[in-house]
Amino acid sequence: MPKIVLEHITKRWDKFYGVDDLNLVIDDNAFVTLLGPSGCGKTTTLRMIAGLETPTSGKITIGDRVVFDSAEGINVPANKRKVGFLFQNYALWPNMTVYQNISFGLTNVKEEMKTVDFEARNNARLAQILSKPEDVVKIIQECYDKKGKIDENKLNIKLIDNYEISTYTAKKLMGYNLQNASDLKATAAKLAGDLNKAVERAKAKAQSQGNTLSEDFTVMKDGLPVKSVRKLDKEEIDLAVRRVSRIVKIGMFMDRYPAELSGGQQQRVAIARTLAPEPSVLFMDEPLSNLDAKLRLEMRSELQRLHLETGSTFVYVTHDQMEAMTLATRICLMDNGVLQQYDAPLRVYSHPDNLFVADFVGNPAINFIEAKGRQGGDGRIELDVFDGKKAVFTFNDNTDVAKWYVEEREAEKRAREALAEKASRKGYVEKENKETVFKYHLPLVDEVEDYGDEQVLTDDDFVIGIRPEFVEIGDEGYDAEIYSSMPTGMETTVRAAIGNYILTSVMFGGVVYSLGDKKKVNFKGDDAMLFSRSTGKIIGLGKLRIR
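What counts, and where the lines are drawn
- Residues numbered from 1 in each chain as written.
- Predicted model: local features only at pLDDT ≥ 70, side-chain atom pairs only at ≥ 80, totals over all residues.
- Heavy atoms only, no water.
- Helix = DSSP H or I, 4+ residues; strand = E, 2+ residues; numbered from the N terminus.
- Rg over C-alpha atoms; globule rule 2.2 N^0.38 Å.
- Buried < 20%, exposed > 50% of the residue type's maximum accessible area, 1.4 Å probe, protein only.
- Contact = heavy atoms within 4.5 Å.
- Areas by Shrake-Rupley, 256 points an atom, 1.4 Å probe, with all protein chains shown as cover.
- Pairing = 2+ DSSP bridges.
- Axes fitted to C-alpha atoms, helices over the stretch in contact; angles between N-to-C directions.
- Polar contact = N/O pair within 3.5 Å; in protein donor to acceptor, adjacent residues only side chain to side chain.
- Phe/Tyr/Trp six-rings, centres within 6.5 Å; stacked < 30°, edge-to-face > 60°.
- Lys NZ or Arg CZ within 6 Å of the ring centre and 35° of its normal.
- Lys, Arg positive; Asp, Glu negative; His and termini not counted.
- Salt bridge = Lys/Arg side-chain N within 4 Å of Asp/Glu carboxyl O.

S.K.: Go over the overall build of the protein with me, naming the residues and quoting the values.
M.R.: The helix and strand tally for the protein stands at 14 helices and 27 strands. Relative to the 2.2 N^0.38 estimate, which gives 24 Å for 547 residues, the radius of gyration of the protein is 31 Å and therefore markedly larger than a compact globule would have. Taking the principal axes of the C-alpha coordinates as reference, the protein spans close to 95 × 65 × 45 Å. In the protein, which comprises 547 residues, the share counted as buried stands at 46%. Sequence-distant contacts in the protein: of pairs separated by 6 or more residues, those separated by 24 or more amount to 67%. For the protein, the exposed area adds up to about 28,200 Å²; of that, 49% sits on carbon and sulfur atoms.

Here it is as structure tokens:
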């Protein structure tokens, strides 16, 4: 499967930048989720890779083929990019059966393809199957109904799935009536002999025309496949339909119409239709959003299995961070058209690059604590938190905060210079939706109206991020009062108020608290995050302890 490379991809409408200077590498066989809030640019990115949207500038490469390059004037249309697209709306034809829906796109394919002797190939496959006729009879015997008659539809599907053959070959095999043979082995041997003779005649005919037949019965000339511009043979179409129906387990629904299927079954049909042409990349735009919660969970596991079985590259758009966390090998998190972080799911969760990423990923949401302090000679930072309470932050490594700020300011200077250079170029359009430092929310007992007043922040102003599982409610720590308690059986989500500030904790097990209970709050682990309040970027991870 191909690698996808996006270089300086920008999409704008007048002064509004839907995607701004995006650089991204999607490795082959990766499962990448494009994650972010509504309007962040994730669907636009997906559509640009697929060829459904034309970028304003940049370059897109799929495998070793450039499919878009604004500088070179290259823009390969979507139907030539060999990609599959699965939409939020399944878009199944209501007047077509499942089989017709899946095969519809295949019937329109007309391109240069290898020439194959399908009759010879099927005869050879049948002869091979007949070498073990007792296995065929065993399958037939499994398909008798209560009245002692063969369920032909069930038998057809079983033969197709067991031997990975087309329905035409399966019906020919059924027509031999092996279950009624007085001498099974002799009957099968004679049938196989006749089939092998037919194969030999086909090979002789090919040789008389100066060709040969390969092991898979491709017509060869001078060691190369003979190719011609043609449509797919009905045998090829049927094999493709049966192959994908096995993958998504809908072989028994081929004669049904979409209205006769459940939501999950319709979803499987849409997936099968997308997989049938064997796309090199599969794009999915929120394909599970129409399903109920239980079915979504089931389909997530099916998509994971599908990714493994097909070996395809999956690019998946969602605003559901739970889907992104459970499905992806890497998450591409976007906001306001700008890439915020591109990392493995657990890395995004445990080491977010900035406040936006930390806030967006995680359920229940991360706790933010405003803090003020300065790093001492021992590397620790003595902090004032919760309006006068004391805490100490200790880095897991030897992070020097002053040095971090120097490097950050140098990076900001280079970014400003690059933007100024870019602005000096002909045709530059100033961005209307400019980036700002993410405004996090502090849950308070008595909420204060936000008038948008700007605060003067220094290098001593920080934000601590603590995931709920590292907030401990017990007998040591800051005095707190239980604000709410929501047990679910496996875990309990507890919100505790320290003065006017509310922190969220996740306690595993059937823990029950009463509202108003007096408790204490402490912090455990070494996964506390220290962010610069002025830039919103992470400085490092460490331990937060009460002093």
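S.K.: Tell me about the sheet that holds strand β17 (residues 367–375), residues and numbers included.
M.R.: Strand order in this closed barrel of six strands is β17-β18-β19-β27-β26-β20, and the pairing throughout is antiparallel. Sheet twist, expressed as the mean angle between neighbouring strand axes with direction ignored, is 45°. As defined by bridge partners, strand β26 (residues 528–532) adjoins strand β27 (residues 538–546) across four bridges and the pair is classed as antiparallel. Paired with A528 across the strands is G542, a residue of β27. The sheet contacts of helix α14 (residues 401–423) involve β17, β18 (381–385), β19 (389–395), β20 (461–466), β26 and β27, and relative to β27 the element is tilted by about 155°.

S.K.: I'd like a description of the side chain of R533, backed by residues and values.
M.R.: Counting through the fold element by element, R533 comes out in the loop between β26 and β27. Residue classification places R533 among the buried positions, given a relative accessible area of 13%. Within the local environment of R533, its side chain forms a polar contact with the side chain of Y440, the two groups lying 3.2 Å apart. If near-sequence neighbours (up to four positions away) are discounted, R533 is found in contact with E370, V437, Y440, Q455, L457, D461, F462 and V463.

S.K.: How would you sum up the packing of aromatic side chains? Please name residues and give values.
M.R.: A full pass over the atoms with the stated rule returns 13 aromatic pairs. Ring centres of F386 and Y478 lie 5.7 Å apart, and the angle between their planes is 80°; this geometry places the pair in the edge-to-face category. Of this pair, F386 sits in the loop between β18 and β19 while Y478 sits in strand β22 (residues 478–487), placing them 92 residues apart in sequence. Exposure class is identical for F386 and Y478. Each is buried. Residues F386 and Y501 carry aromatic rings whose centres are separated by 5.6 Å and whose planes lie at 55° to one another, so their mutual orientation is tilted. With F386 in the loop between β18 and β19 and Y501 in strand β24 (residues 501–508), the pair connects residues that are 115 residues apart, well separated along the chain. Residue classification places F386 among the buried residues on the basis of a relative accessible area of 7%. A network of ring pairs unites the aromatic residues F386, Y478, Y501 and F523 as a single cluster. One cation-aromatic arrangement involves K234 over Y168; the distance from NZ or CZ to the ring centre is 4.7 Å. The positively charged end of R330 is found above the aromatic ring belonging to Y342, 4.0 Å away from the centroid.

S.K.: Break down unusual backbone geometry for me, with residues and values.
M.R.: A negative phi holds for most residues other than glycine; trans holds for most peptide bonds. For the bond from N363 to P364, the omega torsion is 0°, close enough to zero to count as cis. You can see P364 is positioned in the loop between α13 (355–360) and β17. Phi is positive for D21, close to 50°, though the residue is something other than glycine. One can find D21 in strand β2 (residues 16–26). Note on D21: relative accessible area 33%, which makes it partly exposed. At F217, a position not held by glycine, the phi torsion is positive, near 65°. For F217, the position within the fold is in the loop between β9 (212–213) and β10 (219–221).

S.K.: Requested: an account of the side chain of D285, with residues and values cited.
M.R.: Relative to the helices and strands, D285 is located in strand β13 (residues 281–285). The buried charged residue D285 lacks any salt bridge, with R47 as its nearest oppositely charged partner at 6.2 Å. Side-chain polar atoms of D285 contact the side chain of T43, separated by 3.4 Å. When neighbours within four sequence positions are excluded, D285 is seen to be in contact with T43, L46, F85, L86, F87, Q88 and V317.

S.K.: An account of the pattern of salt bridges is requested, with residue identities and associated values reported.
M.R.: Enumeration over the complete set of coordinates arrives at 28 salt bridges. The salt bridge involving D20 is made with K431; its shortest N-O contact spans 3.0 Å. Highlighted residues: D20 in strand β2 and K431 in the loop between α14 and β20, separated in sequence by 411 residues. Residue class for D20 comes out buried when judged on its relative accessible area of 16%. Because the salt bridges share partners, they merge into one network encompassing R268, E302, R305 and E309.

S.K.: Before we move on, can you summarise the sheet that holds β2 with the specific residues and values?
M.R.: Each strand in a sheet pairs with another by means of backbone hydrogen bonds, the pair being arranged parallel or else antiparallel. The antiparallel open sheet is built from five strands, whose spatial order is β2-β1-β4-β5-β6. Unpaired on one side and paired on the other, β2 and β6 (74–75) mark the two borders of the sheet. Pairing analysis gives two bridges linking strand β5 (residues 65–69) to β6, with the strands arranged antiparallel. Each bridged residue has a counterpart across the sheet, and for F68 the counterpart in β6 is N75. Against the sheet, helix α1 (residues 42–50) touches β1 (4–13), β2 and β4 (57–62), its axis set at about 120° to β1.

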